[in-house]
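The primary structure of each chain is shown beneath.
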Amino acid sequence: MAVTPAERQVTARAADAPAPAITNSLEQGKTPAPQHQAQTPVSRRRALLNWAAVAAGVYLLITAVGVIGSGFSLAAGDQAEELFSFAANPIIGLMIGIAATALTQSSSTTTSVTVGLVAGGLPLGIAIPIILGANIGTTLTNTLVSLAMVRDKDQFRRGFAAATVHDFFNLLAVAIFLPLEMAFGLLERTATAASGLLGGSESAETGLIETILGGFGALIKGATGPAGDLVEAGFSPLPDVWAGIAMIVFAIVLILLVINMISRKLKAVLVGRAERVLHASVGRSPITSIGSGALVTVMVQSSSTTTALMVPLAGSGKLSLRQIYPFTLGANIGTTITALVAAMAFDGELGTIALTAALVHLFFNLFATAVIFGIPGLREVPLLGARWLSELAARRTLAAFAWVGVVFVAVPLVLIFAL
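These numbers come from a predicted model, not from an experiment. (Residues numbered from 1 in each chain as written. Predicted model: local features only at pLDDT ≥ 70, side-chain atom pairs only at ≥ 80, totals over all residues. Heavy atoms only, no water.)

1. Describing the overall build of the protein
Counting secondary structure elements, the protein contains 19 helices and zero strands. Every one of the 419 residues in the protein was classed for burial, and the buried ones make up 47%. A separation threshold of at least 6 residues defines the contact pool for the protein, and within that pool the share at least 24 residues apart is 81%. Looking at the protein as shown, the accessible area adds up to about 20200 Å², and 67% of this sits on carbon and sulfur atoms. (Helix = DSSP H or I, 4+ residues; strand = E, 2+ residues; numbered from the N terminus. Buried < 20%, exposed > 50% of the residue type's maximum accessible area, 1.4 Å probe, protein only. Contact = heavy atoms within 4.5 Å. Areas by Shrake-Rupley, 256 points an atom, 1.4 Å probe, with all protein chains shown as cover.)

2. What to know about the nonpolar core
In this structure, Leu94, Leu132, Phe160, Tyr325 and Phe408 are the most contacted members of the largest nonpolar core, which totals 80 residues. Contacts of Phe160, omitting those with residues within four sequence positions, involve Thr143, Ser146, Leu147, Leu389, Ser390, Ala393, Ala400 and Trp403. Counting residues in hydrophobic clusters, the runner-up holds eight residues, among them Ala162, Val296, Leu319 and Ile324. (Core = buried A, V, L, I, M, F, W, Y, C linked by side-chain atoms within 4.5 Å.)

3. Observations concerning helix H7 (residues 124–137)
Taking 1.5 Å of rise per residue, 14 residues should cover 20 Å, and H7 covers 20 Å from first to last C-alpha, within 8% of that figure. Of all 14 residues that make up H7, 13 are buried, and the element is covered over most of its length. (Expected span 1.5 Å × (residues − 1).)

4. Description of the side chain of Ser195
Mapping Ser195 onto the fold places it in helix H10 (residues 186–199). Ser195 sits in the buried class, given a relative accessible area of 1%. A polar contact of 2.6 Å, which involves the side chain of Ser195, links it to the side chain of Thr356. (Polar contact = N/O pair within 3.5 Å; in protein donor to acceptor, adjacent residues only side chain to side chain.)

5. Description of the pattern of salt bridges
A complete count under the given rule lists three salt bridges for this structure. Note that Asp154 and Arg157 form a salt bridge whose closest N and O atoms lie 3.0 Å from each other. Taken together, the residues Asp154 and Arg157, both in helix H9 (residues 153–184) and three residues apart, mark about one turn of the helix. A relative accessible area of 42% places Asp154 in the partly exposed class. The shortest N-O distance in the salt bridge between Arg322 and Glu380 comes to 3.1 Å. With Arg322 in helix H15 (residues 321–334) and Glu380 in helix H18 (residues 376–395), this residue pair connects regions lying 58 residues apart in the sequence. (Salt bridge = Lys/Arg side-chain N within 4 Å of Asp/Glu carboxyl O.)

6. Points about empty space enclosed by the protein
Counted according to the given criterion, the structure contains one cavity of 30 Å³ or more. Here the largest cavity is characterised by a volume of approximately 30 Å³. The wall of the largest cavity is formed by Asn142, Ala162, Thr307, Met310, Val311, Ile324 and Thr328. A total of three residues in the lining of the largest cavity trace back to one element, the largest contributor, which is helix H14 (residues 303–315). Considered class by class, the residues forming the lining of the largest cavity number four nonpolar, three polar and no charged. (1 Å grid on protein atoms, 1.4 Å probe; cavity = no way out; pocket = protein on both sides within 12 Å on 5 of 7 lines; lining within 4 Å. Points joined across faces, edges and corners; volume = space filled by probe spheres on them. Nonpolar A, V, L, I, M, F, W, Y, C, P; charged D, E, K, R; others polar.)

7. Some words on the confidence of the model for the protein
Looking at the protein, the pLDDT average stands at 77 and 74% of residues meet or exceed 70. The element-level mean pLDDT for the protein is lowest in helix H2 (residues 20–27), coming to 41, with H18 highest at 93. This stretch, residues 14–39, has a pLDDT under 50; its non-local contacts, to residues over four places away or in other chains, come to four contacts. Contacts from residues 201–209, a stretch scored under 50 in pLDDT, to residues over four places away or in other chains number three contacts. (pLDDT = per-residue confidence, 0-100.)

8. Structural notes on the environment of Ala194
Looking at the element boundaries, Ala194 is found in helix H10. Of the residues examined, Ala194 reaches a relative accessible area of 16% and is grouped as buried. For the pair Ala194 and Thr352, spaced 158 residues apart in sequence, the C-alpha to C-alpha distance is 9.7 Å. In this structure, Ala194 is in contact with Leu359 and Phe363, ignoring residues within four places of it in sequence.

9. Here we look at the packing of aromatic side chains
All chains considered together, the criterion is met by eight aromatic pairs. Note on Tyr325 and Phe373: the rings are 5.4 Å apart at their centroids and 70° apart in plane angle, and the pair reads as edge-to-face. One end of the pair, Tyr325, is in helix H15; the other, Phe373, is in helix H17 (residues 348–374), with 48 residues separating them in the sequence. Residue class for Tyr325 comes out buried when judged on its relative accessible area of 1%. Connected via pairs of aromatic rings, a cluster forms that spans Phe177, Phe363, Phe364 and Phe367. Looking at Arg379, its charged tip hangs above the ring of Phe373, at a distance of 5.0 Å from the centre. (Phe/Tyr/Trp six-rings, centres within 6.5 Å; stacked < 30°, edge-to-face > 60°. Lys NZ or Arg CZ within 6 Å of the ring centre and 35° of its normal.)

10. With respect to H18
Compared with an ideal rise of 1.5 Å per residue, which puts 20 residues at 28 Å, H18 spans 30 Å between its outermost C-alpha atoms and is within 8% of the ideal. All buried positions along H18 are accounted for by Pro382, Leu383, Gly385, Ala386, Leu389, Ser390, Ala393 and Ala394. In this structure, the buried residues of H18 make contact with H9, H15, H17 and helix H19 (397–418).

11. A closer look at the environment of Leu198
The residue Leu198 is located in helix H10 in this model. A residue is classified by how much of its surface remains accessible, and Leu198, at 32% relative accessible area, is partly exposed. Sequence spacing of Leu198 and Leu355 is 157 residues, and the spatial spacing of their C-alpha atoms is 9.0 Å.

Structure, rendered in structure tokens:
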């Protein structure tokens, strides 16, 4: 096609015209600064603010747990055991733990509150089934996440299996260790012995470790005590019983808000590192996967978040069920850090009691991992259960919703009111 003289003139002018942004920068002798260089100080400042928020959150968490202990002592007096006599049946305690955790979507909240109640006078024998129930209730979150894949049957089958292997493992762990606890007091005895070694006892000479931990506990108590006293003073105009109840309710709400905030802030500053740990370690070896699951959960302060992250990876086929399985066990172990932090709200004898309750959670998950995952035949049971249920759910979607409704809602509520 012939080009007219007018078109040649327009084309020449366009070719001679410099690109504005680049030419202007070159004419001024400047190189355009990369955008990330301008953002680095902002990102660093935001990270520092997030870490400050985490520190404030930990302070408020410890304070709130201390308020629960004080409030429960105030409300129950010497009647704590009688007040919770309805939960003396371990099955009821277990169901309370499941229902409370399913409701709050946070086992950390349930165990932290339980640690505070134990320090306030709740018998450890009643608290232990509640702590075990929290381990079951926390698996609801990743199961709900898998339901979002329901439209794609293959993806849903893989994702639902990855979610429910956590369910089956924790159900099996409780089926093994709750009877052992009822018969022999395995967890209570182990945790009591360990807390005695760490916190010291009246009958034993205080050693270096006990002195260090005792001093650290006193320091934490001294730092959080004034805030707890301020809360208690705020409710002091009420009668003792109502003041104690109000303090417990206030502290539970505060714990819910604080744990959620800590989780969000830690994810904001650490989620990239957490994902790198996850991708670098999952699938290498079972021990590495368990360790990385624990580490990532400590980093983001939420086992629900950790396990929920794995469900989409399983659904897409990037990770197999067998690769994800040990990682979820590590998440069980990592989530126990919150209760251990909560126990710092107390010192002296109350500190030892609170530490004992927190160690129950830790030892339960360590023993369950060692026994179930360590015995080859037993190790396969959660895998078989998850595969069977996911195949059923892929064929009949109603089965998945029935599993959630029955295990996490119907059975706990029916048994609480029936027993």
